[in-house]
Amino acid sequence: MRNVIDPQLKLGEEDIAAIALDPRSRDDIPQLLRGLQHLYTTPQLREPVFAILAEVRPPGRGEDGKACPETGRPGLSQWAIPGLGVLRLGLNADDDRILELANQHTTLRKMIGHADWADDTTDSLQTLKDNLSLFTPELLERINQAVVDAGHALVKTNPDEPLAIRCDSFVVETHVHYPTDISLLDDAARKAIEISAGLCEDAGPSDWRQSAYNVRCLKKAYRRAQTLKHSTAQDPEKRAARRVEIAAAHAAYLELAGGFLMRARETRIRLHLIAGLANVQLAPLDAFIAHGERQIDQIRRRVLCGQTIPHAEKVFSIFQPHTEWISKGKAGVPVELGLRVAISEDQYGFILHHRVMERITDDQVALPLVEETAERFPTVAGASMDKGFHSPANQRGLAEVIDFPVLPKKGKCSAAEREREGDPRFIQLRRKHSAVESAINALEVHGLDRCRDHGIDGFKRYVALAVVARNIQRIGTLLLAQEAEEARRERERQRRRRAA
């Protein structure tokens, strides 16, 4: 049986509303826990969030394709899942640290529903990973909207007060090494050897008894090709000799890798026809063989034939194929490997909406981002962007969606455009636009410097959870600041009474 949270307190368990947090602490954990506590203790926020959390269940035989909440093993409570996920992103921590906190940090254990001294329940690393993966970006988007509405209730004096949003994009890096075509071939051939050896060990054939030795041979040939550099000598004969040496090293490397991939393909056929392994079991092997064959073709064309490989044909990670090569022209950061993420932030510091940008640029995401934000928050009245989002179509489209778009034009302006950009309101919002960089920096510090999850689905889930965590931390920071100020005023009143 899986509940959002057990309504019946256990022996030694403390009510979440009664958990005391230090308002003077400057650490991230009290801020995150205070935001979670507000989520739990505010009925207008708790009810919609709990309704969403009730949908966070593993696959099963229920009518909706998920496990039935009334049967089966208890599992991690659905309230603990967002709590641990928010801590993971808010602290920019890996699963091992969050597991240690979940099992040993007293205040956190109270917050996720464990008793203080009478409950020795601990969770495993795999339990944590499996439960955090139950979230979907769509569920997290709905939770984020409820969290932002609760945050606005704290800071807005009038519910109908218009929102002015700031939009910008930044790169969230994927967890990959710097890609070269020969290193990607090494990855693909090595995985093909290892998977083939593992399948043969389970199914019976003895084709890959020397798989570890094969991997070492592959690595040696790769290192030989990697360490050879083009000669900078003035003598043309020396430069030509080095080019021949480089080509020979690459040719030997390609021959060795190609032989291993051919053997892997033959093993795949025998495992399917003789051992009876299904295609779904062999799919990972097929994928790595295909990756390796593509890299062999590209290396041969580049090194041996002198061709230039078009950018569209390149893959920058065989493990994270969604990774893009992004050059934004930043000082000291010539290239970033990951995906762009566009965000919209309001004047109160809450992230209203985000969008993962797969193979699109800023000007292509400007209008959809603002439209989706305005759909979720109808009081959006203004939006500011930088010149990278400009296009004539965006200027017209944004004017139809919101009252006052602030989108500077690239290049020379006409008289009408100069008049529009000279409007005092345009200038005021344009000057405030740079504050979005603070929100981007906060997201990068709290988890979005590099995505730790795998696959495009994991990437989108990771980004969505980071946005929720940041907004919850924002609420916690505001509440702790208010409580610290109230405590200061109380101490001042007591000092006056003693002096009188």
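In this text, all values refer to a predicted model and were calculated from it rather than measured experimentally.

Regarding the overall build of the protein chain
Line of reasoning, step 1. Regarding its fold elements, the protein chain presents 17 helices and seven strands.
Line of reasoning, step 2. With the principal axes as the frame, the protein chain shows a C-alpha extent of 95 × 70 × 50 Å.
Line of reasoning, step 3. Put simply, the protein chain has 500 residues, and 45% of those count as buried.
Line of reasoning, step 4. The contacts in the protein chain between residues at least 6 apart in sequence include a share of 69% that link residues at least 24 apart.
Line of reasoning, step 5. Of the accessible surface of the protein chain, which amounts to about 25,500 Å², a share of 51% is contributed by carbon and sulfur atoms.
Line of reasoning, step 6. A distance of 5 Å separates the average location of the 71 positive side-chain charges in the protein chain from that of its 71 negative side-chain charges.

Description of the state of the cysteines
Line of reasoning, step 1. In total, this model carries zero disulfides according to the counting rule given.
Line of reasoning, step 2. The thiol of Cys 413 is not disulfide-bonded; the next cysteine sulfur, from Cys 167, is found 20 Å away.
Line of reasoning, step 3. The exposure class assigned to Cys 413 is buried, which follows from its relative accessible area of 18%.

Some words on unusual backbone geometry
Line of reasoning, step 1. Its identity is not glycine, yet Asn 92 carries a phi of approximately 50°, on the positive side.
Line of reasoning, step 2. With respect to the helices and strands, the residue Asn 92 is situated in the loop between α3 (80-90) and α4 (95-104).
Line of reasoning, step 3. In this structure Asn 92 comes out as buried when scored by relative accessible area, which is 18%.
Line of reasoning, step 4. Notably, Arg 359 is not glycine yet its phi reads approximately 55°, a positive angle.
Line of reasoning, step 5. Inspection of the secondary structure assignment puts Arg 359 in the loop between β4 (351-357) and α12 (362-376).
Line of reasoning, step 6. Overall, Arg 359 belongs to the exposed group, its relative accessible area being 65%.

What about the nonpolar core?
Line of reasoning, step 1. Residues Leu 87 and Ile 343 are the most contacted members of the largest nonpolar core, which totals 89 residues.
Line of reasoning, step 2. A per-element tally of this core places helix α17 (residues 455-499) first, with 13 residues.
Line of reasoning, step 3. Setting aside residues up to four positions removed in sequence, Ile 343 forms contacts with Arg 166, Cys 167, Asp 168, Phe 170, Ile 351, His 353, His 354, Leu 369, Val 436, Ala 439, Ile 440 and Leu 443.
Line of reasoning, step 4. Core analysis: the second largest hydrophobic core is formed by 32 residues, Leu 254, Ala 257, Leu 261 and Ile 318 among them.

Observations regarding the packing of helix α1 (residues 28-41) against helix α2 (residues 43-53)
Line of reasoning, step 1. Where α1 meets α2, the closest approach of the two axes is 5 Å, and the angle between their N-to-C directions is 90°. The orientation of α1 relative to α2 falls into the category roughly perpendicular. Touching His 38, Leu 39, Tyr 40 and Thr 41 of α1 are Pro 43, Leu 45, Arg 46, Val 49 and Phe 50, all from α2.
Line of reasoning, step 2. Partitioned by chemical class, the residues of the contact of α1 with α2 number six nonpolar, two polar and one charged.

So, the environment of Arg 425
Line of reasoning, step 1. Residue placement: Arg 425 occurs in helix α15 (residues 424-432).
Line of reasoning, step 2. In this structure the C-alpha to C-alpha distance between Arg 425 and Asp 187, which are 238 residues apart in sequence, comes to 54 Å.

Each value, and the rule that gives it
Residues numbered from 1 in each chain as written. Predicted model: local features only at pLDDT ≥ 70, side-chain atom pairs only at ≥ 80, totals over all residues. Heavy atoms only, no water. Helix = DSSP H or I, 4+ residues; strand = E, 2+ residues; numbered from the N terminus. Buried < 20%, exposed > 50% of the residue type's maximum accessible area, 1.4 Å probe, protein only. Contact = heavy atoms within 4.5 Å. Areas by Shrake-Rupley, 256 points an atom, 1.4 Å probe, with all protein chains shown as cover. Lys, Arg positive; Asp, Glu negative; His and termini not counted. Charge placed at Lys NZ, Arg CZ, Asp CG, Glu CD. Disulfide = S-S within 2.5 Å. Core = buried A, V, L, I, M, F, W, Y, C linked by side-chain atoms within 4.5 Å. Axes fitted to C-alpha atoms, helices over the stretch in contact; angles between N-to-C directions. Parallel < 35°, antiparallel > 145°, perpendicular 65-115°, else oblique. Nonpolar A, V, L, I, M, F, W, Y, C, P; charged D, E, K, R; others polar.

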